[in-house]
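Each chain, letter by letter, is given below.
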Amino acid sequence: MKRLTLVSSILLGIAAVIYAQISGNVVKHGEKPAIAVADFRGAGDAQRFMGAFNSTLWDDIQNSGQLKMVPKTSYPLKVPQQPADFKPPINGTSQGSWLTDWSSPPASANYLAFGYTAVQNNQMVLYGWLFDVTQANPTSAQVIAKVYVGSLDEAGARKVSGEFACDVVKQFGGTCLMGTRIYFVSNRSGHKEIWSMNYDGSDQKQFTSYRSITSFPTVSADGTKIAFTSYPLLASSRSAAADKLRSNIAEQRENLGTPQIYVHSLDTGRKLVYYNQQASMNAASDFLPDSRHLLIYSTAGGGYSQIYETDLDGGGLRRITHSTALEVEAKANPKTGADVVFVSGRGGLPQIYKMNIDGTDVSRLTTGEGEAVNPSWNPNGQSIAFAWTRGFEPGNYNIFIMDVATREVVQLTHGAGRNENPVWAPDGVHLVFSSTRGRTTQIYTMLADGSGVQQLTTQGNNEKPVWSKATQ
């Protein structure tokens, strides 16, 4: 038992180091700053939407992974709404809220987010402040003082709350996820189609309507294009009557052609031109960092699928791998574009390998134990996340992260369903993945240390998520 405890402590220590390197948090002595997030009140009609406002503000700051949340049960009774509410004690007698009320026990906060909303010109206006409550007076304590404007409804309340939360998170080196989108595969419409949603699971909407099997989405680095793989319907199967007879995806497969690559604009949703090779399979894998080239895997050369690079329209085909094994899931380093991780069966079971973009200097990253698949680069270009069957549950995948230079590995999920397809968020701190933690497969997010797991989808089966940056 002592040995197990020691091993667990070592692994937790490694996880903490890797997470600190990944997140880039600006903290002292390895501790996150403690922040109190007071419940905001609204004047007049704005009060109706403060429930949505306060829950969004709390969740967005907490889920950023940058700060330690001070429990509201430890807050002082007097909660400020504006800087004028801070009044220093006179002869030891409190005249109102004061900085030390928040920096001293039981709150023991380093920072306080506070403010209020009001209605002006039929719009919601947020007055938000962030104070460093360890300072001597309100003037020196002020870190953020800003006004935000949104529509006078729940959507507007969530908007201004999210914008204020973003500004708070940025003060501590975090990247705001507001405006980012997660694209994923869902069968809730009766067909496997690409859907999208906000970073928090809200605003889920269908993106494609191919009424076929559409899967493996990948989004360009500039957030303007999406590529995916779909089985085109054969001409004989396109009638409405025939479609009604196909009650499940297995039956639909009999009426499908060979998998092809499709590219769409995320700005307009329109299909862009892409030339597919004459092959039994063409599959999208990743955009290069320039957003003008694609990595694909195809059987264009005959035999097993191999990795190729193409122009955005499918032209300029260049073969990268030349093996006698299955080569798939190539992902380009987002920082350099010079190296690629991919999955290969050249050693037997699928494992993750790394190579130069020209196919040279191939090396295996994983140990050869179990099956390792679904690699995804952190935006920092130094670490990857992937799914691996190594561990205590043979046949079940768990999520791992690896420092590519040192090959140090940390397991993030443990004994909670089959966990696959991890992809990093643009902030390099969060991961999105799919998991079967019940009768269906759903999309979840978590922090890079495995904490803060949030379920985002509930309808149908949902898988293969990718996280797109916010577009300007």
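Right above here is the structure, for reference.
Small disclaimer: the values here were computed from a predicted structure and weren't measured.

Student: Account for the overall build of the protein chain, naming residues and giving values.
Tutor: Across its full length, the protein chain carries seven helices and 30 strands. Burial status across the protein chain gives 50% buried among its 472 residues. Sequence-distant contacts, at least 24 apart, represent 46% of the contacts inside the protein chain between residues at least 6 apart.

Student: A description of the sheet that holds strand β17 (residues 318–319) should follow, citing residues and the corresponding values.
Tutor: Ordered by their spatial adjacency, four strands build an open sheet running β14-β15-β16-β17, and the pairing between neighbours is antiparallel. The strands lining the two open edges of the sheet, one partner per strand, are β14 (282–287) and β17. Pairing between strand β15 (residues 293–298) and strand β16 (residues 306–311): six bridges, direction antiparallel. Within β16, the residue paired with H293 across the bridge is D311.

Student: Now, about the state of the cysteines: what can you tell me, with residues and values included?
Tutor: All told, the structure shown has one disulfide when counted by the stated rule. Bridging C166 to C176, the disulfide has an S-S length of 1.6 Å. Taken together, the residues C166 in helix α5 (residues 154–170) and C176 in the loop between α5 and β7 (181–186) connect sequence positions 10 residues apart. Like C176, C166 is buried.

Student: Lay out the pattern of salt bridges with the relevant residues and their values.
Tutor: Close approach of charged atoms allows side chains with opposite charge to pair. Counted under the stated rule, the structure contains 14 salt bridges. The partner of K72 in a salt bridge is D39, with the nearest N and O atoms 2.5 Å apart. Placement of the pair is K72 in the loop between β3 (68–69) and α3 (99–103) and D39 in the loop between β1 (34–37) and β2 (41–42), with a sequence separation of 33 residues. The class for D39 is partly exposed, based on a relative accessible area of 44%. Close ionic contact of R318 with E309 constitutes a salt bridge, the shortest N to O distance being 2.6 Å. Overall, the relative accessible area of 32% leaves R318 in the partly exposed class. What makes E309 buried here is its relative accessible area of 13%. Overlapping salt bridges, with partners in common, bring together R181, D203 and K205 in one network.

Student: Break down the sheet that holds strand β20 (residues 351–356) for me, with residues and values.
Tutor: Taken together, four strands build an open sheet; the order of strands is β18-β19-β20-β21 and the sheet is antiparallel. On the outer flanks of this sheet lie β18 (327–332) and β21 (363–364), each paired with one strand and no other. Pairing geometry for strand β19 (residues 339–344) and β20, over six bridges, is antiparallel. Bridge pairing links V341 to K354 in β20.

Student: Lay out the nonpolar core in plain terms, naming residues and giving numbers.
Tutor: I35, V37, I61, F164 and V168 are the most contacted members of the largest nonpolar core, which has 45 residues in total. Listing elements by their share of this core, those giving two or more residues are β1, α2 (50–63), α3, β4 (111–120), β5 (123–132), β6 (142–151) and α5. The element contributing the most residues to this core is β5, with seven residues. Leave out the neighbours within four places in its chain, and V37 touches L57, W58, I61, M69, K72, Y75 and A113.

Student: I'd like a rundown of the packing of α2 against α5, residues and numbers included.
Tutor: Two quantities define a packed helix pair, namely the angle between the helix axes and the distance between the axes. Close contact between α2 and α5 brings their axes to 8 Å; oriented N to C, the two are set at 30°. Classified by the angle their axes make, α2 and α5 are roughly parallel. With respect to the hand of their crossing, α2 and α5 are arranged in right-handed fashion. Where α2 approaches α5, its residues A52, F53, S55, T56, L57, D60 and I61 are matched on the opposing element by E154, A157, R158, V160, S161, G162, F164, A165, V168 and V169. Its residues assigned to classes, the contact of α2 with α5 shows 10 nonpolar, four polar and three charged.

Student: Tell me about the side chain of T445, and please be specific about residues and values.
Tutor: Relative to the helices and strands, T445 is located in strand β28 (residues 442–447). Accessibility expressed as a relative area gives 7% for T445, which makes it buried.

Student: How would you summarise α5 if you had to cite specific residues and measurements?
Tutor: Counted at 1.5 Å a residue, the expected span for α5 with its 17 residues is 24 Å, and the 24 Å between its end C-alpha atoms agrees. Listed as buried for α5 are G156, A157, V160, S161, G162, F164, A165, C166, D167, V168 and V169. Along its buried surface, α5 packs onto β1, α2, β4, β5 and β6. Two to three positions downstream of the cap, the backbone nitrogen of A155 sits 3.3 Å from a side-chain oxygen, assigning the N-cap of α5 to D153.

Cut-off values and rules
Residues numbered from 1 in each chain as written. Predicted model: local features only at pLDDT ≥ 70, side-chain atom pairs only at ≥ 80, totals over all residues. Heavy atoms only, no water. Helix = DSSP H or I, 4+ residues; strand = E, 2+ residues; numbered from the N terminus. Buried < 20%, exposed > 50% of the residue type's maximum accessible area, 1.4 Å probe, protein only. Contact = heavy atoms within 4.5 Å. Pairing = 2+ DSSP bridges. Disulfide = S-S within 2.5 Å. Salt bridge = Lys/Arg side-chain N within 4 Å of Asp/Glu carboxyl O. Core = buried A, V, L, I, M, F, W, Y, C linked by side-chain atoms within 4.5 Å. Axes fitted to C-alpha atoms, helices over the stretch in contact; angles between N-to-C directions. Parallel < 35°, antiparallel > 145°, perpendicular 65-115°, else oblique. Left-handed = near helix turned anticlockwise from the far one by under 90°. Nonpolar A, V, L, I, M, F, W, Y, C, P; charged D, E, K, R; others polar. Expected span 1.5 Å × (residues − 1). Polar contact = N/O pair within 3.5 Å; in protein donor to acceptor, adjacent residues only side chain to side chain.

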